[in-house]
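Single-letter residue listing:
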Amino acid sequence: MDSSEESHAGASAQAVRHAPWPGPADSPAGATESRVALRVNGFSHTTEVDHRTTLLDLLRERLALTGSKKGCDHGQCGACTVLVDGRRVNSCLLLAVAQDGAEVVTVEGLADLAGEDGDLHPLQRAFLDRDAFQCGYCTPGQLCSAVGMLEEARAGAPSAVTDPQQGLGSAVRLTGEEIRERLSGNLCRCGAYPHIVEAVRDVIA
Amino acid sequence: MASQAHNAVGSPIERREGGAKVSGGALYATEYTPPGCVYAWLVTATVPKGRVASLDTAAALKVPGVLAVLTPDSAPRLADTDDATLAVLQNSEVPHHGWPVALAVAETLEAARAAAGSVGVAYETEPHESVLTEDPPGAYTPDEVNGGHPTERRRGDPEGRFAAAPVKIDARYRVPPLYNHPMEPHGATASWRDGRLTVYDTSQGADPVRAVLAQVFELPEERVTVVCEHVGGGFGSKGTPRPHVVLAAMASLHVRRPVKLALTRRQLTELVGHRAPTDHRLRLGAEPDGTLTSLIHEVTTHTSRIKEFVEQAAVPGRVMYAGANSLTAHRVAALDVPTPSWMRAPGEAPGMYALESAVDELACALAMDPIELRTRNEPDEEPDSGRPFSSRHLVECLREGAKRFGWAERDHRAGVRRSGAWLTGTGVAAATYPVLVSPSRATVTAHPDGLHVVRINATDIGTGARTVLAQIAAEALGVGAEAVRTEIGTTGLPKAPLAGGSSGTASWGWAVHEACRSLARRLHERSGPLPPEGLTASADTRGTADAESPYARHAFGAHFAEVGVDTDTGEVRVRRLLGVYAAGRILNPRTAGSQFIGGMVMGLGMALTEGGRVDPASGAFLGSDLAGYHVPAHADVPEVEAHWIDEEDAHLNPMGSKGIGEIGIVGTAAAIGNAVHHATGIRFRELPLTPDQVHAAGRGLV
């Protein structure tokens, strides 16, 4: 790698990083806890976190936000899906200590995210209208995932089933197949999938 | 009565806990955090059989924040239960891979996990046998099979008539171990205070949990409270108390703090039950006109060494088809495996896969439409018992489904519809599930403000119990459902049976109906304002709900599937699934539709993607998490339709309903397998129909 490539790589890395490297500034070497400041559903939290703590466990066990669910703790089921800086993530796979400065939205904050009067995000309302759940345990993850997915499609991010002829960057039309593909990281053992897809289509329409 | 009450029985009203579930407010078992609550993490055995020779907890006890490591030496003693799977940390024996050997407790989840990982365990192992073979040594005929069914039933001369049959099918089918995998892992939050135990558990029934905890900790039941407010699915795996709840209570007793324990996803398969693998031999003999002359269904399955559970997979053959000559029998081998248990439609799900596949094979051999073949063998009475059916509309389901699915246009030739690399086909299978019901208690109080409060310890595992019980109460009271509140999900309420065997709504609804009718009569008889505390009526359906019925009572249904098979990769894609059911009166079409569809989706998984495996070397279930065991995801599931026919049946319960939670999985795998045969011309007899199997068999198709 020559020096010009190196500087190019460094510039782009700096451009996408929103928090100062290397993260929490006041962590002495050998520490097992660090102070983290993050916003969750619009509220600021500054807290000491065990370096082993996942974002999911921080939400559930420390911040009493139990809407985000732990189904597998391995990023396999999607029940823990939340939005971090607007993007959907498996919160069980993120260490809380790495989320300094992050803006987190959980299912408890979806209604406010919609920015409308009323108690529910339109997608939450659609889930009720379509009976898009039974036991409800995967539901918060399905909702957060779908909200993030809609934004991805709007921004033109392709999925495995997107027509390659479609120009990059133009909004993807969400067919049933597209919705199913893009939500496949969120398992539902009650088998509510057909109704979830209907609910998502309702908010697109 | 019903016409006066809007939003009552039969209305598609929205589920009452829905708002809490979509906004994250619904609390599940490990989401309660009593003051001072600490965390437990389980250590499980890594050998298939033997004993723990030594446990080294020194390193674990040095983990900052650790409070204790419970071992068989230090754990509280438990009184005996009938259920050996609950006798945890009582001795050093290891009956199977995954058995609990220690439990770490710490101030935080992270510390508990680190401590558990620091426990050193040395084992003395013994030779083991964990894999079910075709003819397992030591297999025996059990006294009875799950559900209390006789292990064997014989009528006429099945072998002789089979030998003499002009057309016959003799086939073996295999269903692998299957995992329930509800989305909410098994977990509990337990606390002791002043000799009282309070447990938040994820269970299909809080009363059975209370009974077992009272038994093992030798407490009167009234000193145990069990709350199951919201339950993240169960599918049988939370049907009876499972070890996690006992462990959580032991840990709390030991450290004198409230304790949360959640099993990991991988621990589930070895600690909370699985569907045992079943090996089926099906022999069908028929006349050239399709009349069945012999039906022989023999099932071999496994159980563990510590508890006998026998999947009653040959039982559907006693219900489905007419014929004077039949043998349905079970054999079981006790292996060094985790204890199997209920999984959605135990017996019927694997049994009907085999039987309905064989019926399809027979139809092919006869060159007969498989719907016509089933219709021809429709019995006038339950073949095994001779009892009349309280109602049976299987043929109507098949015909209605055929109409909706477009079956009439089907070309019955197999392996001829090709488009590029894809072959397509369609298949059909019947479904059946018994009507089960248990006694329950319930109370209802009419308050002066017009509100009616129904109290019953029912459990909502996702069925919408709160909603449908309000509808049943509203109808019986002659009021709107909005005037009824239902309180469920804790042992503080009148005792009720568990949500299982598709019996919850019938069992609870019966008691709710009786209480409400009694209250309605008393309200009718009195005049003047109600007292401030309201007027309460109660019911107990012992002696009525469990009375012997002179009728054979079952729900029936028909499943239709269309599949595409990729001849390049062997991948099977389900393109359409359609079910039609005859399940008595449908009490809430909205929630009922979701249950039927959910059952079909699980049946799709059984057909194509779900297969547990036992590692012969370690005795472990392989691929037991959600990456290694593929439950259907969005992309696997096309548009799925559920329909039903109006069925009136006066011999069931006051609502006229049959259970609907399980029938959706019954026969779905057969319909898909039959469609794969229709697509490819190749008959697969071992689930799941994964690409490797289909591709290997289908090389000649390209």
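Residues numbered from 1 in each chain as written. Chains lettered and ligands numbered in written order. Predicted model: local features only at pLDDT ≥ 70, side-chain atom pairs only at ≥ 80, totals over all residues. Heavy atoms only, no water.

A.B. asks: Would you explain the overall build of chain B in this entry?
C.D. replies: Regarding its fold elements, chain B presents 15 helices and 28 strands. For 702 residues, the compact-globule formula gives about 27 Å, and the C-alpha radius of gyration of chain B, at 26 Å, lands near that figure. In terms of its C-alpha atoms, chain B occupies a principal-axis envelope of roughly 75 × 75 × 50 Å. For chain B, the proportion of its 702 residues judged to be buried stands at 64%. Looking at chain B alone, contacts between residues at least 24 apart form 82% of all its contacts between residues at least 6 apart. Carbon together with sulfur atoms contributes 48% to the accessible area of chain B, which is approximately 23600 Å² in total. When the 66 positive and 81 negative side-chain charges of chain B are each reduced to one mean point, those points stand 2 Å apart. (Helix = DSSP H or I, 4+ residues; strand = E, 2+ residues; numbered from the N terminus. Rg over C-alpha atoms; globule rule 2.2 N^0.38 Å. Buried < 20%, exposed > 50% of the residue type's maximum accessible area, 1.4 Å probe, protein only. Contact = heavy atoms within 4.5 Å. Areas by Shrake-Rupley, 256 points an atom, 1.4 Å probe, with all protein chains shown as cover. Lys, Arg positive; Asp, Glu negative; His and termini not counted. Charge placed at Lys NZ, Arg CZ, Asp CG, Glu CD.)

A.B. asks: I would appreciate a short explanation of the overall build of chain A in the present structure.
C.D. replies: Per the secondary structure count, chain A includes seven helices and five strands. For chain A, the residues scored as buried account for 50% of the 205 residues in total. Excluding contacts between residues fewer than 6 apart, the proportion of contacts in chain A whose partners are at least 24 apart in sequence is 54%. Put simply, chain A shows about 9500 Å² of open surface, and 51% of that area lies on carbon and sulfur atoms.

A.B. asks: Where do I start with the sheet that holds strand 20 (residues 441-446) of chain B in this structure?
C.D. replies: Backbone-to-backbone hydrogen bonds pair the strands of a sheet. The strands run either parallel or antiparallel. Residue and element names in this part refer to chain B. The mixed open sheet is built from four strands, whose spatial order is 22-21-20-23. Of all the strands in the sheet, the pair left with one neighbour each is strand 22 (484-487) and strand 23 (535-540). Neighbouring strand axes in the sheet, compared pairwise and without regard to direction, differ in orientation by 15° on average. Relative to the sheet, helix 11 (residues 465-477) contacts strand 20, strand 21 (452-455) and strand 22, its axis offset from that of strand 22 by approximately 135°. (Pairing = 2+ DSSP bridges. Axes fitted to C-alpha atoms, helices over the stretch in contact; angles between N-to-C directions.)

A.B. asks: Can you help me understand the pairing of strand 22 of chain B in this one?
C.D. replies: Two faces, one strand: in a regular strand the side chains alternate between the faces of the sheet. All names here are of chain B. Only one face of strand 22 is buried: it carries Val484 and Thr486, and the other face, with Arg485 and Glu487, is open. Relative to strand 22, strand 21 runs parallel, the two sharing four bridges. Directly across from arginine 455, in strand 22, lies its bridge partner glutamate 487. Running through helix 11, the crossover from strand 21 to the neighbouring parallel element strand 22 is right-handed. (Right-handed = clockwise from strand over helix to strand, strands pointing away.)

A.B. asks: For this particular structure, what's the right way to read the sheet that holds strand 24 (residues 554-566) of chain B?
C.D. replies: Residue and element names in this part refer to chain B. With mixed pairing, the five strands of this open sheet are ordered in space as 18-19-24-25-28. Single-partner strands in this sheet number two, and they are strand 18 (418-419) and strand 28 (640-644). By the bridge criterion, two bridges tie strand 18 to strand 19 (residues 422-434) in an arrangement that is antiparallel. Within the sheet, the bridge partner assigned to arginine 418 lies in strand 19 and is leucine 423.

A.B. asks: Help me understand the packing of helix 11 of chain B against helix 12 (residues 504-525) of chain B in this model?
C.D. replies: Packed helix pairs are specified by the crossing angle of their axes together with the interaxial distance, meaning the distance between the axes. All names here are of chain B. Where helix 11 meets helix 12, the axes come as close as 8 Å, and the angle between the chain directions of the two elements is 30°. Both helix 11 and helix 12 take part in a crossing whose hand is right-handed. Within the contact between the two elements, helix 11 uses Ala465, Val468, Leu469, Ile472, Ala473, Ala476 and Leu477 and helix 12 uses Thr505, Trp508, Gly509, Val512, His513, Cys516, Arg517, Leu519 and Ala520. Of the residues assigned to the contact of helix 11 with helix 12, the class counts are 12 nonpolar, three polar and one charged. (Left-handed = near helix turned anticlockwise from the far one by under 90°. Nonpolar A, V, L, I, M, F, W, Y, C, P; charged D, E, K, R; others polar.)

A.B. asks: Just to check I follow, could you spell out the interface of chain A and chain B for this structure?
C.D. replies: In many analyses, interface size is given as the accessible surface area lost on bringing the parts together. The interface is formed by 50 residues belonging to chain A together with 58 residues belonging to chain B. Together, the buried faces of chain A and chain B total about 4200 Å²; carbon and sulfur atoms form 56% of this surface. Sorting the residues of chain A by area buried against chain B places A:Gln134, A:Arg189 and A:Tyr193 first, and these three jointly supply 21% of that buried surface. In this structure, B:Lys260 and A:Glu61 form a salt bridge, with 2.7 Å as the shortest nitrogen-oxygen distance. Applying the counting rule to chain A against chain B returns 27 residue pairs in polar contact (both at pLDDT 80 or more). For the side of chain A that touches chain B, the secondary structure elements donating two or more residues are helix 2 (55-62), helix 4 (122-130), helix 5 (139-154), helix 6 (176-182) and helix 7 (193-204) of chain A. (Buried area = accessible area lost by both parts, 1.4 Å probe. Salt bridge = Lys/Arg side-chain N within 4 Å of Asp/Glu carboxyl O. Polar contact = N/O pair within 3.5 Å; in protein donor to acceptor, adjacent residues only side chain to side chain.)

A.B. asks: What should I look at first to understand the pattern of salt bridges in this one?
C.D. replies: Oppositely charged side chains may form a pair once their charged atoms are brought near each other. All names here are of chain B. Counted according to the given criterion, the structure contains 61 salt bridges over all chains. Close ionic contact of arginine 275 with glutamate 311 constitutes a salt bridge, the shortest N to O distance being 3.1 Å. Residue arginine 275 is found in the loop between helix 7 (265-271) and strand 15 (278-286), and its partner glutamate 311 is found in the loop between strand 16 (292-303) and strand 17 (326-334); the two are separated by 36 residues along the sequence. When the shortest N-O distance is used, the salt bridge between aspartate 336 and arginine 305 registers 2.8 Å. Remark: arginine 305 occurs in the loop between strand 16 and strand 17 and aspartate 336 occurs in the loop between strand 17 and helix 8 (348-366); sequence separation between them is 31 residues. Among the ionic contacts, a cluster of salt bridges with common partners joins Glu134, Arg172, Arg174, Asp279 and Glu686.

A.B. asks: Which parts of the structure should I look at to understand the packing of aromatic side chains?
C.D. replies: The relation between two aromatic rings is expressed through the spacing of the ring centres and the mutual angle of the planes. Residues and elements named next belong to chain B. Scanning the entire structure with this criterion turns up 11 aromatic pairs over all chains. Ring centres of tyrosine 32 and tyrosine 200 lie 3.8 Å apart, and the angle between their planes is 15°; on these two criteria the pair is classed as stacked. With tyrosine 32 in the loop between helix 1 (18-23) and strand 1 (38-44) and tyrosine 200 in strand 12 (residues 196-201), this residue pair connects regions lying 168 residues apart in the sequence. Classification of tyrosine 32 as buried rests on a relative accessible area of 16%. Here the aromatic rings of tyrosine 179 and phenylalanine 621 are separated by 5.2 Å at their centres, their planes lie at 65°, and the arrangement is edge-to-face. On the criterion of sequence distance, the pair formed by tyrosine 179 in the loop between strand 10 (167-175) and strand 11 (187-193) and phenylalanine 621 in strand 27 (residues 621-622) is long-range, its members being 442 residues apart. (Phe/Tyr/Trp six-rings, centres within 6.5 Å; stacked < 30°, edge-to-face > 60°.)

A.B. asks: Help me understand the environment of A:Thr46, please; the structure alone is not making it clear to me.
C.D. replies: All names here are of chain A. Structurally, the position occupied by threonine 46 is in strand 2 (residues 43-50). The spatial distance from the C-alpha of threonine 46 to the C-alpha of alanine 199 is 36 Å, given a sequence separation of 153 residues. Not counting chain neighbours up to four residues away, the residues in contact with threonine 46 comprise Arg35, Val36 and Ala37.

A.B. asks: I'm lost on helix 10 (residues 394-405) of chain B in this one. Help?
C.D. replies: One turn of an α-helix holds 3.6 residues; hence residues three or four places apart share an orientation. Residue and element names in this part refer to chain B. The terminal C-alpha atoms of helix 10 lie 16 Å apart, and with 12 residues this matches the ideal 16 Å at 1.5 Å per residue to within 8%. Within helix 10, the full set of buried residues consists of Leu394, Val395, Cys397, Leu398, Glu400, Gly401, Ala402 and Phe405. Check the buried side of helix 10 and you find it contacts helix 9 (370-376), strand 19, strand 24 and strand 25 (572-582). Glycine 406 sits one or two positions beyond helix 10 and adopts a positive phi of about 85°. (Expected span 1.5 Å × (residues − 1).)

A.B. asks: Please explain the packing of helix 13 (residues 589-608) of chain B against helix 14 (residues 668-680) of chain B as it appears in this structure.
C.D. replies: All names here are of chain B. Two elements in contact, helix 13 and helix 14, have axes whose closest approach is 7 Å; the angle formed by their N-to-C orientations is 50°. The pairing of helix 13 with helix 14 is recorded here as oblique in orientation. Considering the relative orientation of helix 13 and helix 14, their crossing is right-handed. In this structure, helix 13 contributes Met600, Gly603, Leu604, Met606, Ala607 and Leu608 to the contact, and helix 14 contributes Thr668, Ala669 and Ile672. Along the lines of polarity and charge, the residues of the contact of helix 13 with helix 14 split into seven nonpolar, two polar and no charged. (Parallel < 35°, antiparallel > 145°, perpendicular 65-115°, else oblique.)

A.B. asks: Mind showing me how you'd approach the domain arrangement of chain B here?
C.D. replies: Residue and element names in this part refer to chain B. Partitioning chain B into domains gives domain 1 (2-27 + 438-540), domain 2 (32-127 + 183-233 + 238-271) and domain 3 (144-178 + 275-435 + 550-701). Once you take the C-alpha centre of each, domain 2 and domain 3 turn out to be 37 Å apart. The partner domain 3 presents 17 residues to the 18 residues of domain 2 that form the contact. Here aspartate 83 makes a salt bridge to lysine 307, at a shortest N to O gap of 3.2 Å. For the interface between domain 2 and domain 3, the tally reads five residue pairs in polar contact (both at pLDDT 80 or more). (Domains from an automatic or database assignment.)

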